[in-house]
Amino acid sequence: MSSMHFCRTLFSPGVFSALPGFVGALNQDFQFRFGPCCRLYSIYSSKFDFTDLTRPHSWYPHARRKRRKIFLHMGPTNSGKTHNALKRLESSDSGLYCGPLRLLAWEVAKRLNKAKIPCDLITGQEREEVDGAKHKAMTVEMADVTSSYSCAVIDEIQMLGCKTRGYSFTRALLGLCADEVHLCGDAAVVPLIQEILKVTGDDIEVQYYERLSPLIPMNVPLGPYSNIRKGDCIVTFSRRKIYGYKKEIERKGGHLCSVVYGSLPPETRTRQATMFNDTTSEFDVLVASDAIGMGLNLNISRIIFSTVEKFDGFEMRELTVPEIKQIAGRAGRYGSKFPIGEVTCLNEDDLPFLHSSLKSDSPTIERAGLFPTFELIYLYSRLHPENGLRQILEHFVDNAKLSENYFIADCEGMLKVAAVIDEMPLSLHDKYLFCISPVDMADDITSQGLTQFAQNYANKGIVRLREIFTAGTLQVPETQAALKELESIHKVLDLYVWLSFRLEESFPDRELAVSQKSACSMLIEGFLGRFGWQRPKTRQLKSNIRSRSILPEC
Ligand SMILES: Nc1ncnc2c1ncn2[C@@H]1O[C@H](COP(=O)(O)OP(=O)(O)OP(=O)(O)O)[C@@H](O)[C@H]1O
Ligand SMILES: [Mg+2]
């Protein structure tokens, strides 16, 4: 049945890129708050309100035993917040960095290892252990709330207000057991954090930062493409437009463009960004989506918004003030080749909106995300044994009781997965695991991949990659449709790797999946090298990559 889908199509991490780590820590989250209730479950189950989430700080016993010193590094982009927090991390005996992106976790692990401070890298899909490491760089969903550390950093803490991922930041904020916790982000989150931490007994110190180098909003739009210069970054929000601008700029502007957008494999995004940052490379212009928008240090001199609207999955809407500021803040990074940043638009009509957004304060963040642990859902499910996970999640979310500092996370994505797998003979825990996996159900190939993985796992207990993907040769994509397919295949393989870290025996082909992922990214990069209007030297160099065998016959 199934393998055919992928024979034809053969082969990115969404916002959930590391949620799995969450699972590892759930048991611990739960023990303190609900351990005693488990033993008395049969007596009290009908009386105990599992949907009461009004005291989430009490879910983290280790952290509550400490009086933590919380340092808030608050300020605009490019003000040295992360740099200063990392300095503290580097001088600590042991510690954690928790960031919102795999790329940021990679950057921090690289920085510490380069400074001869051994640092492990842990994301939903990677475990790179370094001998003697007492430091770890991770994506926030992987935050370890079970062990004690000297120092912890949570980067981009304002994301605790994010409707889908915010709860992972809240979990890290309440649960990290470290003597010092450094929170970096936008000052709009300060009152909420002060409010949330009133009940934890922690000490709080707030430090406000100023930009280290100027960011100048221009009074004129870009004008013709011939005005494009080295270090420019055009920002746009669809794949089609990203490649459209790349082509135009390479044809008319005489520059070569790197591209960065969310559904490119993260390793490809990093290589594209590195190529752009490298002063000796010919790729001196960047065309990117808001995937560049958080914390990344790029050699950008000028940000050019091609539009100030984006489709957010439901509708076209104007960019928010924090989005504009985050993206614009990539220009003129301190210590980069371009110490002064500029921002403008393609369309003159967008300039007033850009100027006013850059001058505005980000709206205060009023509530932090929260989501029930698996154990809570499990206990709740026992009160409703006839229901599938989808109904249980829906009921739980509808009935959850929260204090005024919190909101319940948007779990639409999880509900979509639950609807697909609820009929399969899987335990509640396994279903939950598939629900929190990094799958984008809006992507047909990825959702087919998830369904096949879950089906094979439910029916046979083991999922071999060769039963899902058949041997064949993948080509460098010729069209954007083929490129999109390859990006999706990469996402499916990424999902396999994610599952292999959680259901190790049932997903035994991690190595093969990792090697196939890198074959996919090579082919995607082959496409990027050929696409556009490039000088012959580069075209020839890149076109050596034509095809890769996929799952070669044993
Ligand atoms: N004191 C310093 N000495 C040398 N380099 C610094 C210093 N402070 C910051 N930098 C460099 O300036 C750049 C911006 O700093 P950083 O990434 O910490 O800013 P940020 O405030 O966290 O920005 P964002 O909000 O975009 O994440 C980085 O490349 C960082 O290494
Ligand atoms: Mg930062």
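Scroll up to find the structure this text is about.
Anyway, here's the lowdown on the structure attached to this text. Being a predicted model, the structure only gives us computed values, none of them experimental.

What follows is about the site of ligand 1. Ligand 1 sits among 15 residues. The nearest are Lys 81, Thr 82, His 83, Arg 330 and Arg 333. At 3.5 Å from an oxygen atom of ligand 1 is found a side-chain nitrogen or oxygen belonging to Asn 297. In the environment of ligand 1, an oxygen atom lies 3.3 Å from a nitrogen or oxygen atom belonging to the backbone of Tyr 334. Burial of ligand 1 by the surrounding chains reaches 76%, relative to a free accessible area of 630 Å².

What follows covers the packing of aromatic side chains. Throughout the structure, instances matching the rule amount to twelve aromatic pairs. With centroids separated by 6.0 Å and ring planes inclined at 50 degrees, the aromatic side chains of Phe 434 and Tyr 457 adopt a geometry described as tilted. Highlighted residues: Phe 434 in helix H16 (residues 428-435) and Tyr 457 in helix H17 (residues 444-460), separated in sequence by 23 residues. Of the two residues, Phe 434 and Tyr 457, neither departs from the other in class, the shared state being buried. Measuring from centroid to centroid gives 5.9 Å for Tyr 457 and Phe 507, while their planes differ by 35 degrees, and the two rings are tilted. Note that Tyr 457 is positioned in helix H17 and Phe 507 in the loop between helix H19 (480-502) and helix H20 (510-530), a separation of 50 residues in sequence.

A word on the sheet that holds strand S11 (residues 256-260). Two pairing modes exist for strands in a sheet, parallel and antiparallel, and in both the strands are linked by backbone hydrogen bonds. If you trace the six strands from one edge of the open sheet to the other, you get S9-S16-S13-S10-S12-S11, paired in parallel fashion. Each of the sheet's edge strands pairs with one partner strand only, and the pair in question is strand S9 (215-217) and S11. The average undirected angle you get between the axes of adjacent strands in this sheet is 25 degrees. In this sheet, strand S16 (residues 341-345) lies alongside strand S13 (residues 302-305) in parallel orientation, the contact comprising four bridges. Within S16, the position partnered with Arg 302 by the bridge is Glu 342. Across the sheet, helix H11 (residues 321-328) touches S9, strand S10 (232-235), S13 and S16, and the angle it forms with S13 is around 140 degrees.

A few words on the packing of H11 against helix H12 (residues 351-359). Packing of H11 against H12 brings their axes to within 9 Å, and their N-to-C directions diverge by 90 degrees. Compared by their axis directions, H11 and H12 come out roughly perpendicular. Residue-level contacts link Val 321, Ile 324, Lys 325 and Ala 328 of H11 to Phe 353, Leu 354, Ser 357 and Leu 358 of H12. Grouping the constituent residues of the contact of H11 with H12 by class yields six nonpolar, one polar and one charged.

A separate point is the sheet that holds strand S8 (residues 203-208). Read from one edge to the other, the open sheet built from eight strands follows the order S4-S3-S5-S2-S6-S7-S1-S8, with strand pairing classed as mixed. The open sheet has two edge strands, strand S4 (126-128) and S8, and neither has a second partner. Neighbour-to-neighbour, the strand axes of this sheet turn through a mean angle of 15 degrees, independent of strand direction. Where strand S6 (residues 148-154) and strand S7 (residues 177-185) come together, six bridges link them in parallel fashion. Considered in S7, the bridge of Ile 154 is made with Leu 183. Relative to strand S3 (residues 119-123), helix H6 (residues 102-114) is tilted by about 170 degrees, and along the sheet it contacts strand S2 (95-99), S3, S4 and strand S5 (135-139).

Rules of the game
Residues numbered from 1 in each chain as written. Chains lettered and ligands numbered in written order. Predicted model: local features only at pLDDT ≥ 70, side-chain atom pairs only at ≥ 80, totals over all residues. Heavy atoms only, no water. Near = heavy atom within 4 Å. Polar contact = N/O pair within 3.5 Å; in protein donor to acceptor, adjacent residues only side chain to side chain. Areas by Shrake-Rupley, 256 points an atom, 1.4 Å probe, with all protein chains shown as cover. Phe/Tyr/Trp six-rings, centres within 6.5 Å; stacked < 30°, edge-to-face > 60°. Helix = DSSP H or I, 4+ residues; strand = E, 2+ residues; numbered from the N terminus. Buried < 20%, exposed > 50% of the residue type's maximum accessible area, 1.4 Å probe, protein only. Pairing = 2+ DSSP bridges. Axes fitted to C-alpha atoms, helices over the stretch in contact; angles between N-to-C directions. Contact = heavy atoms within 4.5 Å. Parallel < 35°, antiparallel > 145°, perpendicular 65-115°, else oblique. Nonpolar A, V, L, I, M, F, W, Y, C, P; charged D, E, K, R; others polar.

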